[in-house]
Amino acid sequence: MTKNTTKSKQVKINFRCSATMKYKHIEIQDLNLSVVSTKYWHKLPTGKIQCDLCPRNCKLGEGQKGLCYVRERSNDEVVLTTYGRSSGFCIDPIEKKPLNHFLPGTAILSFGTAGCNLACKFCQNWDISKSREMDTLSSEASPEDIASTASKLGAKSIAFTYNDPVIFLEYAKDCAIAAKEKNLKSVAVTAGYINPKAREDFFSFIDAANVDLKAFTQSFYKKICGGDLSPILETLIYLKKETNVWFEITTLLIPGENDSEKEIEEETQWIIDNLGPNVPIHFTSFHPDYKMRDKKNTSLQALKNARKIAKKNGINHVYTGNIHDEEGSSTYCPNCKNKVIGRDWFKLSNWELKVSGNCKYCETKIEGLFEDRPGEWGPKRLPVYDIKS
């Protein structure tokens, strides 16, 4: 996430919860918002139950939790233990997800839970994603209250972020259904590490996504993330070929790990060959964190070099992030090369798009979702504190 020095305001919201709430496909009794049934699992001949949500395929005995730490075998089924619980809420600029081609300039209500189904040594939200403490989940909120609050605070969408929403699919789905009823969009910030059946379900309620393509080698995923590369590539292809979800890609460049010219060449060429030229990619700056504090920050020059390679290979919209670079943050028409959206950190300047999303100079269509005029939220953050049932 990009550092933001803008002074934050604060807002306090109190949420209501009834004794029995039914959210589309889940019924929750007695004010216990946390534990709900799930459907992506099956019993094994050994007596264990396999969780089928993600490629980890955790095999669980009674009372055991998966690596994500939020899906648990209980009473001979797999349950989600963090439904309705969050590590915090904040109104952000949508560019912070990052999404540069989806309702630019608008506000988005961001929240996450705890846990993750990858084990990235460089995680920059490790206090949330690696948490094993329920105290991290200090806020409680029903899907309807989240949607209502987002609308009241002027957000155009809600974001499942901070930790991967794949692991709290059931909560995210109900929040997205409630958001749609308020004419709000739903955004997922995800690593895309999910099995095919669950993938179809998860992205059926998502309007836009930023997918972390953490590197382009299996060795990196295995050694640094404790996972595999191929499921992420499958997710990207699925999004492009099987859905209408708008998505952008982020690769955090870590010095000496995934920033070689060869790897960036291979990654960006794969994107062109499989996804086409109009899926935006963000190369973002690493800062030392979690278990990789011995690495240096990514230099601006390294980000510029990656951007140059991606553009050479034919990707139309290539951005730099987590660093101040007005040129690398702005959007340019791929045909006439004029700047059509100017950005300085998360503040918009130039806006040279027609209502249709076409370039004002040459009529070329800029892919994404744009309104007739940009949002005016700007770079500010608005933490939402003391969310109570």
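Because the structure is a prediction, the values reported are computed rather than measured.

Student: Tell me about the overall build of the chain, and please be specific about residues and values.
Tutor: A count of helical and extended segments in the chain gives nine helices and 23 strands. Here the chain holds 389 residues, and 58% of them are scored as buried. Of the roughly 16400 Å² of accessible surface on the chain, 47% is carried by carbon and sulfur atoms.

Student: Any chance you could break down the sheet that holds strand β6 (residues 49-51) for me, citing the residues and the numbers?
Tutor: Across the sheet, which stays open at both edges, the three strands sit in the order β5-β6-β7 with antiparallel pairing between neighbours. Of all strands in the sheet, those bounded by a partner on one side alone are β5 (41-43) and β7 (59-60). Bridge count between β5 and β6: three bridges; the pairing is antiparallel. Paired with H42 across the strands is Q50, a residue of β6.

Student: Run through the pattern of salt bridges, naming residues and quoting values.
Tutor: Applying the stated criterion to the full structure yields 19 salt bridges. A salt bridge links R73 to E62; the nearest nitrogen and oxygen atoms lie 3.4 Å apart. Taken together, the residues R73 in strand β8 (residues 71-73) and E62 in the loop between β7 and β8 connect sequence positions eleven residues apart. According to the relative accessible area criterion, E62 is partly exposed, its value standing at 46%. For the salt bridge of K354 with E363, the shortest nitrogen-to-oxygen distance reads 2.2 Å. One continuous salt-bridge network, built from bridges that share partners, spans K39, K173 and D201.

Student: How would you explain the packing of helix α2 (residues 143-152) against helix α3 (residues 169-181) if you had to name every residue and give the values?
Tutor: Put simply, α2 and α3 touch, their axes get as near as 8 Å, and they point 45° apart. Between α2 and α3, the crossing angle belongs to the class labelled oblique. Both α2 and α3 take part in a crossing whose hand is right-handed. Contacts between α2 and α3 involve P143, E144, I146 and A147 from the first element and Y171, D174, C175, A178 and A179 from the second. Partitioned by chemical class, the residues of the contact of α2 with α3 number seven nonpolar, no polar and two charged.

Student: Outline helix α8 (residues 300-312), listing residues and values.
Tutor: Taking 1.5 Å as the rise per residue, α8 with 13 residues should run 18 Å; its terminal C-alpha atoms sit 18 Å apart, in good agreement. For α8, the set of buried residues is L303, A306, R307, I309 and A310. The arc that holds the buried residues of α8, viewed along the axis, is 160°, so those residues lie on one side. Facing away from the buried side of α8 by more than 90 degrees, the exposed set consists of K308 and K312. In the core, the buried residues of α8 are packed alongside β17 (246-253), α7 (261-275), β18 (281-285), β19 (318-321), α9 (326-329) and β20 (331-332).

Student: Help me get a handle on the state of the cysteines, residues and values and all.
Tutor: Taken as a whole and judged by the stated rule, the model has zero disulfides. Considering cysteine sulfurs only, C359 is the nearest to C336, which forms no disulfide, with 3.7 Å between them. C362 takes part in no disulfide bond, and the closest cysteine sulfur, belonging to C333, lies 3.5 Å away.

Student: So what's going on with helix α6 (residues 230-242)? Residues and values would help.
Tutor: Its 13 residues place the ends of α6 17 Å apart at the C-alpha level, agreeing with the 18 Å of an ideal helix rising 1.5 Å per residue. Those residues of α6 that fall on the buried side of the exposure criterion are P231, I232, L233, T235, L236, Y238 and L239. Contacts made by the buried residues of α6 are with α4 (196-203), β16 (208-212), α5 (218-225), β17 and α7.

Student: So what's going on with the packing of α4 against α6? Residues and values would help.
Tutor: Interaxial distance between α4 and α6 falls to 11 Å at its minimum, and their mutual angle equals 45°. When the interaxial angle is binned, α4 and α6 end up oblique. Where α4 crosses over α6, the two elements pack in a sense that is right-handed. Where α4 abuts α6, its residues R199, E200 and F203 lie against P231, E234, T235, Y238 and L239. Looking at the contact of α4 with α6 residue by residue, the classes come out as four nonpolar, one polar and three charged.

Procedures and definitions
Position labels on residues start from 1 in each chain and follow its written sequence. The predicted origin of the model limits local features to residues at a pLDDT of at least 70 and limits the giving and counting of side-chain atom pairs to 80 or more, whereas totals for whole chains, interfaces and linings rest on all residues. For side-chain calculations, the full set of non-hydrogen atoms in the structure is used, while hydrogens and water are omitted. Labels follow the DSSP assignment, with helices taken as runs of H or I lasting at least four residues and strands as runs of E lasting at least two, numbered in each case from the N terminus. Between buried and exposed lies partly exposed: a residue is buried under 20% and exposed over 50% of the maximum accessible area for its type, with that area taken using a 1.4 Å probe on protein chains only. Methods summary: accessible areas were calculated by the Shrake-Rupley approach with a probe of 1.4 Å, and residue burial reflects only the protein chains presented. Pairs of strands are assigned from DSSP output, requiring at least two bridges between the strands. We count a salt bridge whenever a side-chain nitrogen from Lys or Arg sits within 4 Å of a carboxyl oxygen from Asp or Glu. A fitted line through C-alpha atoms serves as each axis, taken over the contacting stretch for helices, and the angle formed by two N-to-C directions is quoted from 0 to 180°. The cut-offs work like this: below 35 degrees is roughly parallel, past 145 is roughly antiparallel, 65 to 115 is roughly perpendicular, and the gaps in between are oblique. Note: crossing handedness is left-handed where the near helix turns anticlockwise from the far helix by less than a right angle, and right-handed where it turns clockwise. The criterion used for residue contact is that any of the two residues' heavy atoms lie within 4.5 Å. In this classification, Asp, Glu, Lys and Arg are treated as charged, Ala, Val, Leu, Ile, Met, Phe, Trp, Tyr, Cys and Pro as nonpolar, and every other residue, Gly included, as polar. Multiplying 1.5 Å by the residue count of a helix minus one yields the expected span of that helix. Taken from the helix axis, the directions to the C-beta atoms give the arc we talk about. Counting rule for disulfides: a pair of cysteine sulfur atoms within 2.5 Å.

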